[in-house]
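# Analysis of the macromolecular model
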2 protein chains.
Amino acid sequence: MIIGGGFAGLACAQGLAGAKARVTIVDRTNHHLFQPLLYQVAMAGLSPADIAVPIRSVLHDQDNVRVLLGEVSAIDVAAKTLETNAGPLTYDYLVVAAGARNNYFGHDDWGKAAPGLKTIDDAIDIRRRVLLALEAAEQTTDAALRRALLTFVVIGGGATGVELAGALSELSRYIVARDFRHVRHGEIKVILLEGGPSILTTFKPELQKSGIRQLEALGVEVRMNAKVTAIDHDGVTIDSGGASVRIDAETVLWGAGVKAQPISAALGAPTDRGGRVIVGKELTIPGHDDVFVIGDIAAITDADGKPVPGVAPAASQAGRLVAKAIRATIAGKPRPVFRYLDKGSLATIGRSAAVGQFGKLGFSGFIAWMLWMAVHVLFLVGFRNRYVVMLEWIWHYLSFQRGARLITGGMVPGTFFHRAAPDASVAEERKKVPGT
Amino acid sequence: MIIGGGFAGLACAQGLAGAKARVTIVDRTNHHLFQPLLYQVAMAGLSPADIAVPIRSVLHDQDNVRVLLGEVSAIDVAAKTLETNAGPLTYDYLVVAAGARNNYFGHDDWGKAAPGLKTIDDAIDIRRRVLLALEAAEQTTDAALRRALLTFVVIGGGATGVELAGALSELSRYIVARDFRHVRHGEIKVILLEGGPSILTTFKPELQKSGIRQLEALGVEVRMNAKVTAIDHDGVTIDSGGASVRIDAETVLWGAGVKAQPISAALGAPTDRGGRVIVGKELTIPGHDDVFVIGDIAAITDADGKPVPGVAPAASQAGRLVAKAIRATIAGKPRPVFRYLDKGSLATIGRSAAVGQFGKLGFSGFIAWMLWMAVHVLFLVGFRNRYVVMLEWIWHYLSFQRGARLITGGMVPGTFFHRAAPDASVAEERKKVPGT
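The following refers to the structure shown. These numbers were taken from a predicted model, which means no experiment stands behind them. (Residues numbered from 1 in each chain as written. Chains lettered and ligands numbered in written order. Predicted model: local features only at pLDDT ≥ 70, side-chain atom pairs only at ≥ 80, totals over all residues. Heavy atoms only, no water.)

## A few points about the pattern of salt bridges
The condition that has to hold: A pairing counts as a salt bridge when a side-chain nitrogen of Lys or Arg comes within 4 Å of a carboxyl oxygen of Asp or Glu. Three exposure classes are used, based on accessible area relative to the maximum for each residue type with a 1.4 Å probe and protein chains only: buried under 20%, partly exposed in between, and exposed over 50%.
Counting across every chain of the model gives 28 salt bridges over all chains. Among the ionic pairs, Asp179(A) bridges to Arg178(A), the shortest N-O distance being 3.9 Å. Take Asp179(A): its relative accessible area is 2%, and that puts it in the buried class. Residue Arg178(A) is classed as partly exposed on the basis of its relative accessible area of 29%. When the shortest N-O distance is used, the salt bridge between Asp272(B) and Arg276(B) registers 3.1 Å.

This is the structure we're talking about:
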């Protein structure tokens, strides 16, 4: 029984292909999501279907797997049963790979004003907010409101925050300059807030500095040591070196941290501060070697004592290890121990801008970006859209276009337009229109 | 001032390129929609962004146009003013091209149970309903519920209904057979209900018959003379030759008719039964030669007395005529009269299945389908995705895949899963899984 069809759960199900096991994979959505490219959907570069594929479709030729759309509400590790909205289920081996959600560090009320980026629906919501802010700015004649509509704040200097900030700045640079009449891209402010002293802290110091330089070259204002103390629908308050600073912004995005899905508490096992289940070297919980916990919902320590990062390759490796462990157990052999193989990491910043680190080797700029592109296209494995996505990117690169600038899901009445001051004077407007 | 960025409004704005006129185009959405392919989004064949393009983007190099995201709530033709949620606006010439909405013929309560297909959000909603019904059917052990979940009713035998019914049947034929374990495509019933004695009545009788044959070959049950008397969340009741027949179906789609957007009433001009504004040969309303009404919101009679159909080419032609009329008036010349040029019509039914009529010439089957493909790819003009869409189609044709099978917007709790009986016995389930 596998809970979750992300990188960890899917790798485990695939690792059990042909095994003498009946596998059930349950997920709340019908699709596996290529999360590393989710920011591209939020920034109107790709369509949801480019980076999401039905779990059924990925596993369709694996006869020993069944896929269940549903949500797990309770786990009884003693009785080996689960409660789901599709009824009760039993298991011999349980693999919990339910993933993470946004962590507002005790300020869950910030969630409404500052959405995070975890699901396709989140990405569509963020896309709508950003595009509506630009539309409202194009209409309003109220200078202060206009400034707030054109200020975009991204909280968190990790890979997600950096990607969002970079992509936001590019969206404004190329698209607004081209399609909008009144908003000029110079008016748009993208601010990246980081509470600590640097961004991209999983990279070497030189690459951190390079990341800041590359972001600034794209027009992003990077503010370190900026601790967020309040977020509401009108902006953010930060504590910057003891002084309280207010930033008026209609759009605030959250990329500052994640915590485990709440189902982690149902296992009765020790968890860390983020609610992640602490697992041993075999990725099981104490006292229950039939319960594996992997992916972003697990706190995994590598054989050499270092914490394993919450990235897609680590999740896939853990999923494959669990499949091997279950096969070994069925065959009456000892289980393997998890060793994380760090193949290096890449963070993209924008067009021709990225940082990459492979062991002691560091890259930045165009070369890192090309590597990032190659790796991400390569790992869209199982996605029939791999080539379509590649073509889209080539097209974007050559044309500076964004392909998926759709506002769907309604206009979110009351979010922006209630404050957008009426376009009072059509006559005044007309003076600005050339050609007459 | 142009209300609506559909085929009519957009053609008018484009027709005014370079004219000594300041053009404002206002729309409730930020995108122009290639409506003839909307059913492909509903049936998971294409992504929304493949068939929708920002209005700003289409008109970005036309200096005399500004694009406004907003909704018109009132029109005063005497004062030449509009009320919008972005404030009041004035005009010299008004072009009303606000389009149509679903017509439930006095049963607006049917709308919730039987959604129609007019917007991207409608298409995403229909996609979600269809995919969720299949997922629920895969889980349930209640035979009656399973039958209702696997029965899809499409109401209306016009082009929209035929396209939806054909595409639904294909979705089940190729995808369900491949990715689902318990649902077999033979269990799926797609029923097309038509109140009149035939379908596709705008085509010649031979083509109508061919359309029925092609639908039946795809597995669609076509029921003519079936008048719908009730629709609720559990199914449809029809009056079939005097007898009341009940069809239990969890998914009911509406393609039976459209009526004008309500803003049509604000003009104070005569309207037809569907609320369409009756316009003269110059496409203006009586007594106001500065107010043009075009597209699906208008009831247009051709110079030879025939009603002009509510199709994309007619809307574009009317838009271009209005642009010419405005140019003529500015230049002090007489206005042209509208003559609809019927270039023929095509309706697609499915893979290699379609009907087409060009004057006296009729086509059906593979040739009609190839023509339909060619015309639709050709007319995705202005869509940078034209070639991407073409590639997707070639891919679908070769692989029998559907590219965009995503359930987004949440699980619609209470719509399906409250009735899906629990998957009571996992043990029983396991017997069916091979490989163990």
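The rest of the description comes next.
## Quick look at the pairing of strand E12 (residues 189–193) of chain A
Residues and elements named next belong to chain A. What counts here: Each helix is a run of DSSP H or I of at least 4 residues and each strand a run of E of at least 2, with the numbering of both proceeding from the N terminus. Here the term right-handed applies to a crossover when the path leading from its first strand over the helix to its second strand runs clockwise, the strands being oriented away from the viewer. Between any two strands, pairing holds if DSSP finds at least two bridges.
Among the 5 residues that make up E12, 4 are buried, leaving the element largely enclosed by the rest of the structure. Remark: the strand E11 (residues 151–155)/helix H8 (residues 159–179)/E12 crossover connection has right-handed handedness. In the sheet, E12 pairs with strand E13 (residues 220–223) via 4 bridges, with the strands oriented parallel. Across the sheet, residue Leu193 finds its bridge partner in E13, namely Arg223. In the classification by handedness, the crossover that spans E12, the intervening helix H9 (residues 205–217) and the parallel E13 is right-handed.

## Re the packing of aromatic side chains
Going by this rule: In this scheme Phe, Tyr and Trp rings, the latter by its six-membered ring, pair at centre separations within 6.5 Å, and the angle between planes marks the pair as stacked below 30 degrees, edge-to-face above 60, and tilted otherwise.
Inspection of the entire model under this criterion finds 12 aromatic pairs over all chains. Geometrically, the ring pair formed by Phe7(A) and Phe34(A) is edge-to-face, given 5.8 Å between the ring centres and 70° between the ring planes. Here Phe7(A) is found in helix H1 (residues 7–15), whereas its partner Phe34(A) is found in the loop between strand E3 (31–33) and helix H2 (38–42), with 27 residues between them in sequence. Phe34(A) sits in the buried class, given a relative accessible area of 3%. Consider the rings of Tyr104(B) and Trp254(B), whose centres lie 4.7 Å apart with planes at 35°: the pair is tilted.

## Quick notes on helix H1 (residues 7–15) of chain B
Residues and elements named next belong to chain B. Stated formally: Should any heavy atoms of two residues lie within 4.5 Å, those residues are counted as being in contact.
In terms of residue burial, H1 counts as a mostly covered element, since 7 of its 9 residues are buried. Taken residue by residue, H1 has Phe7, Ala8, Gly9, Leu10, Ala11, Cys12 and Ala13 as its buried positions. Residues of H1 that are buried sit in contact with strand E1 (2–3), strand E2 (23–27), strand E3 (31–33), helix H4 (55–58), strand E9 (94–96) and helix H10 (312–330).

## Re the sheet that holds strand E25 (residues 361–364) of chain B
Residues and elements named next belong to chain B. In plain terms, the rule: Only the contacting stretch of a helix is used when fitting its axis, a line to C-alpha atoms as for every element, and angles between N-to-C directions run 0 to 180 degrees.
Within the open sheet, the 3 strands sit side by side as E23-E24-E25. Their pairing is antiparallel. Strands at the two margins of the open sheet, each flanked by one partner only, are strand E23 (345–350) and E25. This sheet shows a mean twist of 5° between the axes of neighbouring strands, independent of strand direction. Examined bridge by bridge, strand E24 (residues 353–358) and E25 share 4 bridges and lie antiparallel to one another. Pairing of Val355 across the sheet is with Ser364, part of E25. Each of E23, E24 and E25 is contacted by helix H9 (residues 205–217), which is oriented at about 170° to E24, the strand it contacts most. Those strands touched by helix H11 (residues 366–378) are E23, E24 and E25, and its axis lies near 110° from that of E23.

## Quick word on the packing of H1(A) against helix H10 (residues 312–330) of chain A
Residue and element names in this part refer to chain A. Which entries qualify depends on this criterion: Should the near helix be turned anticlockwise from the far one by less than a right angle, the crossing is termed left-handed; should it be turned clockwise, right-handed. Three categories are distinguished: nonpolar for Ala, Val, Leu, Ile, Met, Phe, Trp, Tyr, Cys and Pro, charged for Asp, Glu, Lys and Arg, and polar for the others, with Gly belonging to the last.
In contact at an axis separation of 7 Å, H1 and H10 are set at 35° when each is read in the N-to-C sense. Note that H1 runs across H10; the crossing there is right-handed. In contact with Phe7, Ala8, Ala11, Cys12 and Gly15 of H1, H10 contributes Ala312, Ala315, Ser316, Gly319, Arg320, Val322, Ala323 and Arg327. Tallied by class, residues from the contact of H1 with H10 come to 8 nonpolar, 3 polar and 2 charged.

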